[in-house]
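Spelled out, the chains give:
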Amino acid sequence: MSIRDVAADAYREAAPALVASMLGGLFAGAVLSGMRAELRAVPGLLVVVPAILATRGNVYGSLGARLATGLHQGLIRAEFEADTRLVAAASAAMANGLLASGFAAVLAFAVLDLLARDVAGLGVLVAVALIAGLLSGLVLTVAVVGVVFVAFRRGYNPDAIVGPVVTTTGDVFGLACLVVAVRAVLGVM
């Protein structure tokens, strides 16, 4: 197989996921532009948004890469069953996502407070970040496992597909979960 054939196969596998990622990014931007009320209600949330979205892609992209590697090496099977390696990887991703979300909120609060900028209370920012992190983490875990397993079963390279899917899913559902989290926290606090 020539380099040209390998490149053509890679583009053929990844192109639909990249187009979906681009469209999803535009949709996520539309969701963000519709979050004006939430952004006004929780000063400082806009500073937290990029950090939370970036960690979604990093953490769950890593989960997808680990699962794809495990499938290629025969360490896990592409079946939706409670495999200890799969559960451990998903649990670690959830824990890392929550830790990163909480840390981003604390850091944003500290920086904005230090700069004497208007910022919501630390408890509000952390609660919003953790709830959004948990909700989006659940969605992303299901999406990543599903995409990796289905791609592998159909003979595609999951590594070529999981990155764009995680990015898009993380952006769209990350922002939607932030809206839900703000409404839940402000309704409670």
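Refer to the preceding data block for the structure.
To start, this report covers the structure provided alongside it.

Calculation criteria
- Residues numbered from 1 in each chain as written.
- Predicted model: local features only at pLDDT ≥ 70, side-chain atom pairs only at ≥ 80, totals over all residues.
- Heavy atoms only, no water.
- Patch = residues over 30% accessible without salt bridge, like charges linked within 9 Å, V, L, I, M, F, W, Y side chains within 5 Å.
- Areas by Shrake-Rupley, 256 points an atom, 1.4 Å probe, with all protein chains shown as cover.
- Salt bridge = Lys/Arg side-chain N within 4 Å of Asp/Glu carboxyl O.
- Helix = DSSP H or I, 4+ residues; strand = E, 2+ residues; numbered from the N terminus.
- 1 Å grid on protein atoms, 1.4 Å probe; cavity = no way out; pocket = protein on both sides within 12 Å on 5 of 7 lines; lining within 4 Å.
- Points joined across faces, edges and corners; volume = space filled by probe spheres on them.
- Nonpolar A, V, L, I, M, F, W, Y, C, P; charged D, E, K, R; others polar.
- Axes fitted to C-alpha atoms, helices over the stretch in contact; angles between N-to-C directions.
- Parallel < 35°, antiparallel > 145°, perpendicular 65-115°, else oblique.
- Left-handed = near helix turned anticlockwise from the far one by under 90°.

Okay, a nonpolar patch on the surface next. Taken together, the side chains of Ile-131, Leu-134, Leu-135, Leu-138 and Val-180 present a nonpolar region at the surface, about 370 Å² in accessible area. Here the nonpolar patch takes four residues from helix H5 (residues 122-153), the largest share from any one element. Residue position: Leu-138 is located in helix H5.

Let us now look at empty space enclosed by the protein. Scanning all chains against the criterion turns up one cavity of 30 Å³ or more. Its boundaries defined by the atoms lining it, the largest cavity holds a volume of some 40 Å³. Surrounding the largest cavity, Arg-77, Glu-79, Glu-81, Asp-83, Leu-86 and Phe-149 form its lining. Tallied by class, residues from the lining of the largest cavity come to two nonpolar, no polar and four charged.

At a minimum axis distance of 9 Å, the contact between helix H3 (residues 45-73) and H5 shows a crossing angle of 30°. One way to sum up the angle between H3 and H5 is to call them roughly parallel. The handedness of the crossing between H3 and H5 is right-handed. Across the contact of H3 with H5, the residue classes break down as 17 nonpolar, six polar and one charged.

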